[in-house]
Amino acid sequence: MAKRPTVLVTRKLPEAVEARLERDYEARLNPDDSELDAEALLRAAEGVDAIMPCHSERFPAGVIERLPESVKIIANFSVGTDHVDLAAARARGIVVTNTPEVLNDATAEVTMLLMLGAARRASEGERLVRAGGWRSWSPAFMVGTQVTGKTVGIVGMGRVGKVVAERCRGFAMQIHYHNKVRLPAEVEQGAVYHPRLDDMLPHCDFITMHCPNTPETQGMINEDSIAKMKDGVIFVNAARGSIVDEDALMAALRSGKVKAAGLDVYRNEPFIDERWSKIETVFLLPHIGSATAETRDAMGFRALDNLDAYFAGREPGDRVA
Ligand code: 8YV
């Protein structure tokens, strides 16, 4: 019998995913879920045919160049691939895949949670009740912003953005979007397309980010773009922290230009800027966009489908390099 490929699995994955890994591969699992820095990752990769990492492991060019010759494929357990230098992987002939589609619903759910949480002051209210500080009620108490019927601007109308648009329609919101390309009318369903981000910003009561982290999108939300937003806009980000200039967003929250924000992602996470916790009007979540049991299983199975295809000599469905 041919030797089964060896797969380094960098983090603890769902039981069913690990069971399939152990059934079909020589799986090097990480039962303690310990985090691997670059050196530990390179040591662990010694002699493996494939790596199944999460976005928590980084593969800059320097790491890709030092990966053992045996590594043929990096089958990510993530849709985002900004933790992998794809050009460096291509240059070494290492195949890279991701897990699109399967986390659309979960990420859209968290987006709606952030939107509602920021608008309706959920974090402030929860803190007050939990701390035993709720002592009175009045019609002026904890008044927030209604979401229903408002205008939302979706930045990045890809897989997740489209599901967010559908959920926003459930709240009778008017949809505007900025995207590299305009969608066909049947997908747009009346959504207003803006080829330039700056042209969309003044129309929106809510702005929500759904674009990948690329050199073009890094820092795209900054002092200038915030100045073009409506006064009192509510800002949501469940995509990547690097697309936002955090100093500019904090300043806008402090001045009230941005009335509230809901964030699931940050620069330098999980070691986020501690100033975030001092701002009352921001609703903070710890990068849990895709963290549902159903989606975690689906991400693992999708990554495995890519590995299976590669080792069966077929083109993996989700090849990105
Ligand atoms: C995942 C994500 O939890 O898939 C992505 O790109 O941002 C997250 O939702 C994480 O990346 C898993 O590795």
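As shown above, the structure is provided for reference.
Residues numbered from 1 in each chain as written. Predicted model: local features only at pLDDT ≥ 70, side-chain atom pairs only at ≥ 80, totals over all residues. Heavy atoms only, no water.

### Re the pattern of salt bridges
Filter applied, for reference: Any Lys or Arg side-chain nitrogen found within 4 Å of a carboxyl oxygen on Asp or Glu counts as a salt bridge. Where helices and strands are cited, they refer to DSSP runs of H or I of at least four residues and of E of at least two residues respectively, numbered from the N terminus. Relative accessibility thresholds used throughout: buried, under 20% of the residue-type maximum; exposed, over 50%; partly exposed, between the two (1.4 Å probe, protein chains only).
Within this structure, the stated rule accounts for 25 salt bridges. Note that aspartate 247 and arginine 275 form a salt bridge whose closest N and O atoms lie 2.6 Å from each other. Note that aspartate 247 is positioned in helix 11 (residues 246–255) and arginine 275 in the loop between strand 11 (258–263) and strand 12 (282–284), a separation of 28 residues in sequence. Judged by relative accessible area, arginine 275 falls into the partly exposed class, the value being 34%. Connected via shared salt-bridge partners are Arg11, Asp33 and Glu57.

### Quick notes on the pairing of strand 9 (residues 206–209)
Consecutive side chains of a regular strand alternate in pointing toward one face of the sheet and then the other. Rules: Strand pairing follows a simple DSSP-based rule, namely that at least 2 bridges must link the two strands.
Side chains of strand 9 alternate between two faces, with Phe206 and Thr208 and Ile207 and Met209 buried alike. Two elements, strand 6 (residues 151–155) and strand 9, share 4 bridges in a ladder whose sense is parallel. Looking across to strand 9, one finds that isoleucine 154 is bridged to threonine 208. As paired strands, strand 9 and strand 10 (residues 233–237) are joined by 4 bridges and run parallel to one another. In the strand pairing of strand 10, threonine 208 is matched with valine 236.

### Overview of the site of the ligand
Stated formally: Being near a molecule or strand, for a residue, comes down to having at least one heavy atom within 4 Å of it. Under this definition, polar contacts are N or O atom pairs within 3.5 Å; protein pairs additionally need one hydrogen-donor-capable and one acceptor-capable atom, and for neighbouring residues in sequence, both atoms have to be side-chain atoms. Using a 1.4 Å probe, accessible areas were evaluated by the Shrake-Rupley method; residue-level cover was limited to the displayed protein chains. By the convention adopted, Pro, Cys, Tyr, Trp, Phe, Met, Ile, Leu, Val and Ala count as nonpolar, Lys, Arg, Asp and Glu as charged, and the other residues, Gly among them, as polar.
Near the ligand, the surroundings consist of Cys54, His55, Phe77, Ser78, Val79, Gly80, Leu103, Arg240, His287, Ser290, Arg296 and Met299. Glycine 80 places a polar main-chain atom, nitrogen or oxygen, 2.7 Å from an oxygen atom of the ligand. In the environment of the ligand, an oxygen atom lies 3.1 Å from a nitrogen or oxygen atom belonging to the side chain of arginine 296. About the coverage of the ligand: the protein hides 92% of its 330 Å² of free accessible area. Across the shell around the ligand, the residue classes break down as 5 nonpolar, 5 polar and 2 charged.

### Re the sheet that holds strand 4 (residues 73–75)
Here is the rule we go by: Axis lines are fitted through C-alpha atoms, for helices just across the contact stretch, and the angle between N-to-C directions can take any value from 0 to 180 degrees. Residues count as neighbours in contact if any of their non-hydrogen atoms are within 4.5 Å of one another.
On the basis of which strands lie adjacent, the open sheet formed by 5 strands has the order 2-1-3-4-5 and parallel pairing. Edge positions in the sheet fall to strand 2 (26–28) and strand 5 (95–97), since each has one partner strand and no second. Here the average twist between neighbouring strands, direction ignored, is 20°. Relative to strand 3 (residues 50–52), strand 1 (residues 6–9) is paired through 3 bridges, and the arrangement is parallel. Each bridged residue has a counterpart across the sheet, and for leucine 8 the counterpart in strand 3 is isoleucine 51. Across the sheet, helix 12 (residues 293–311) is in contact with strand 1, strand 3, strand 4 and strand 5; its angle to strand 4 comes to roughly 155°.

### Topic: the sheet that holds strand 10
Read from one edge to the other, the open sheet built from 7 strands follows the order 8-7-6-9-10-11-12, with strand pairing classed as parallel. Strands with a single pairing partner mark the edges of an open sheet, and in this sheet they are strand 8 (192–194) and strand 12. Taken over all neighbouring pairs, the strand axes of this sheet differ in orientation by 15° on average, direction set aside. Bridge count for strand 7 (residues 174–178) against strand 8 is 3 bridges, and the pairing is parallel. Its bridge partner being in strand 8, histidine 176 is matched across the sheet by valine 192. Relative to strand 10, helix 5 (residues 104–119) is tilted by about 145°, and along the sheet it contacts strand 6, strand 9, strand 10, strand 11 and strand 12. Each of strand 10, strand 11 and strand 12 touches helix 11; the most contacted strand, strand 11, lies at about 135° to it.

What is shown is where atoms sit, not what they do.
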